[in-house]
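Structural characterization, general
The lines below spell out each chain.
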Amino acid sequence: MAPGPAGRTPVFERRTTGGGAGGGAGGGSAEKVVALTFDADMTADQGPRAASGERFDNPELVALLRRLKVPSTVFMTGRWAEEYPAQAKAIGTDPLFEVANHSYSHHAFSSPCYGLPVVAKSAMTHDVERAFTAFRKAGVRNVVPYFRFPGGCYDDTALRALAPANVTAVQWDVVSGDAFATDADAVAEQVLDGVRPGSLVVMHCTRSAAPATEAAVRRIVPELRERGYRFVKVSELMEDGA
């Protein structure tokens, strides 16, 4: 996407009907396409928890997406790529997926934001660039210049501070509610009730924080396909006529 107004980072939320790509939405048709996105979250200070056995990955979910042939965009933190380099490389070299930036540290870019520590304005661009560096070191190749704010929290200061990073911020219009959820059917119903043509769904790819996601996806994918939906990556969703 083109830079936003006054040098701000542009923000994409979903593809709407008609018009061209712009600050809060993309152009396109009413074709029944939907993008499932998965945040691979890990904060900079969670290394000890991972060392003690907590799992911030979800290989079963990734395997399911492969079996169901669901193109997806994974918003990965740099810290996650460092913790799971083999998985990061496998995801980032599979043409079914594209990898986008979810910051290095998973600290907040505005406050308040769900109790997350806050990145200083002067460090925001560096934090994003550090994540891209972690992807390269892990061998991730299918990287797209998109960024998701941790917690989805941002303000005008953050949009201005990130302009030098040359990324497009990607939000969503459908909240799956999978974070810390244990009822997979409730997650699936929330997604199925919210999806519209051009929707962008936010989910998570972390077993410890989103244990019901895989089971929810098992229901979401076939039901949306029965409704005539086609799954696309965020990069495809942004394109006219995807």
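These remarks concern the structure in this document. Not measured: the values here are computed from a predicted model.

1. Side note on the side chain of His-106
Turning to its location among the elements, His-106 is positioned in the loop between β4 (97-101) and α5 (124-138). Engagement of the side chain of His-106 in a polar contact is seen with the side chain of His-102, the distance being 3.3 Å. Dropping the residues within four chain positions of it, His-106 is found in contact with Asp-41, Met-42, Thr-43, Thr-77, Leu-116, Pro-150 and Gly-151.

2. Describing the pairing of strand β5 (residues 143-147)
The pairing of β4 with β5 spans 2 bridges and is parallel. Residue Val-99 lies in a different strand from β5, and its bridge partner there is Val-143. In the classification by handedness, the crossover that spans β4, the intervening α5 and the parallel β5 is right-handed. Pairing of β5 with strand β6 (residues 168-170) involves 2 bridges; the strand directions are parallel. Each bridged residue has a counterpart across the sheet, and for Tyr-146 the counterpart in β6 is Thr-168.

3. What about the nonpolar core?
Counting 62 residues, the largest nonpolar core has Met-76, Trp-80 and Phe-109 as its most contacted members. Among the elements that line this core, the one with the most residues is α5, at 7 residues. Among the nonpolar cores identified, the runner-up in size contains 13 residues, and Ala-100, Val-234, Leu-237 and Met-238 belong to it.

4. Comments concerning the pairing of strand β3 (residues 72-76)
Of all 5 residues in β3, 5 are buried, a share of seventy percent or more. When strand β2 (residues 33-40) meets β3, the two strands line up parallel, connected through 4 bridges. When the bridges of β3 are listed, Phe-38 appears paired with Val-74. When β3 meets β4, the two strands line up parallel, connected through 5 bridges. Its bridge partner lying in β4, Phe-75 is registered against Ala-100.

5. A look at the packing of helix α2 (residues 59-68) against helix α8 (residues 213-226)
Running from N to C, α2 and α8 cross one another at 20°; their axes reach a closest spacing of 9 Å. It follows from the interaxial angle that α2 and α8 lie roughly parallel. For the pair α2 and α8, the crossing hand works out as right-handed. Contact residues: Glu-60, Leu-61, Leu-64, Leu-65, Arg-67 and Leu-68 in α2; Thr-213, Glu-214, Val-217, Arg-218, Val-221 and Arg-225 in α8. Residue composition of the contact of α2 with α8, grouped by class: 6 nonpolar, 1 polar and 5 charged.

6. Overview of unusual backbone geometry
The amide bond that connects Ser-111 to the next residue, Pro-112, takes the cis arrangement and shows omega of 0°. Structurally, the position occupied by Pro-112 is in the loop between β4 and α5. Positioned with a positive phi, Tyr-114 is a non-glycine residue whose angle comes to about 55°. On the basis of relative accessibility, which here comes to 72%, the residue Tyr-114 falls in the exposed class. One non-glycine residue, Phe-180, lies in positive phi territory at about 65°. Along the polypeptide, Phe-180 turns up in the loop between β7 (174-175) and α7 (184-194). Assessed through its relative accessible area of 66%, Phe-180 is described here as exposed.

7. Description of the state of the cysteines
A full pass over the atoms with the stated rule returns 1 disulfide. One disulfide bridge connects Cys-113 with Cys-153, the sulfur atoms lying 2.1 Å from each other. Judged by the sign of its S-S torsion, about 85°, the bond between Cys-113 and Cys-153 is right-handed. Taken as a pair, Cys-113 in the loop between β4 and α5 and Cys-153 in the loop between β5 and α6 (156-161) lie far apart in primary sequence, 40 residues in all. With relative accessibility at 3%, the residue Cys-113 sits in the buried group. Judged by its relative accessible area of 11%, Cys-153 is buried.

The rules we used
Within any chain, residue numbers begin from 1 and follow the written order of that chain's sequence. In view of the model being predicted, local features appear only for residues whose pLDDT reaches at least 70, and side-chain atom pairs are presented and counted only at 80 or more, with totals across whole chains, interfaces and linings using the full set of residues. Working from all heavy atoms in the structure, the side-chain values ignore hydrogens and water. Strands are runs of DSSP state E lasting at least 2 residues, helices are runs of H or I lasting at least 4, and numbering of each runs from the N terminus. A 3.5 Å cut-off defines polar contacts: any pair of N or O atoms within that distance qualifies, except that in protein one atom must be a possible hydrogen donor and the other a possible acceptor, and neighbouring residues in sequence count only when both atoms are side-chain atoms. Residues are treated as being in contact if the distance between any of their heavy atoms lies within 4.5 Å. Strands are treated as partners if at least two bridges between them are detected by DSSP. Convention used here: a crossover is right-handed provided that the path from the first strand, over the helix, to the second strand proceeds clockwise when the strands point away from the viewer. We call a set of buried residues a nonpolar core when its members are Ala, Val, Leu, Ile, Met, Phe, Trp, Tyr or Cys and they connect through side-chain atoms within 4.5 Å of each other. Whether a residue is buried, partly exposed or exposed follows from its accessible area with a 1.4 Å probe, protein chains only, as a fraction of its type maximum: under 20%, in between, or over 50%, in that order. Think of each axis as a best-fit line through the C-alpha atoms, taken over the contacting stretch in the case of a helix, with angles from 0 to 180 degrees between the N-to-C directions. Any angle that is under 35 degrees is reported as roughly parallel, and any over 145 degrees as roughly antiparallel; angles of 65 to 115 degrees are reported as roughly perpendicular and all others as oblique. Crossing handedness follows the turn of the near helix against the far one: under a right angle anticlockwise gives a left-handed crossing, and clockwise gives a right-handed one. Each residue gets one of three labels, nonpolar for Ala, Val, Leu, Ile, Met, Phe, Trp, Tyr, Cys and Pro, charged for Asp, Glu, Lys and Arg, and polar for the others, Gly among them. The rule for a disulfide is simple: a pair of cysteine sulfur atoms within 2.5 Å.

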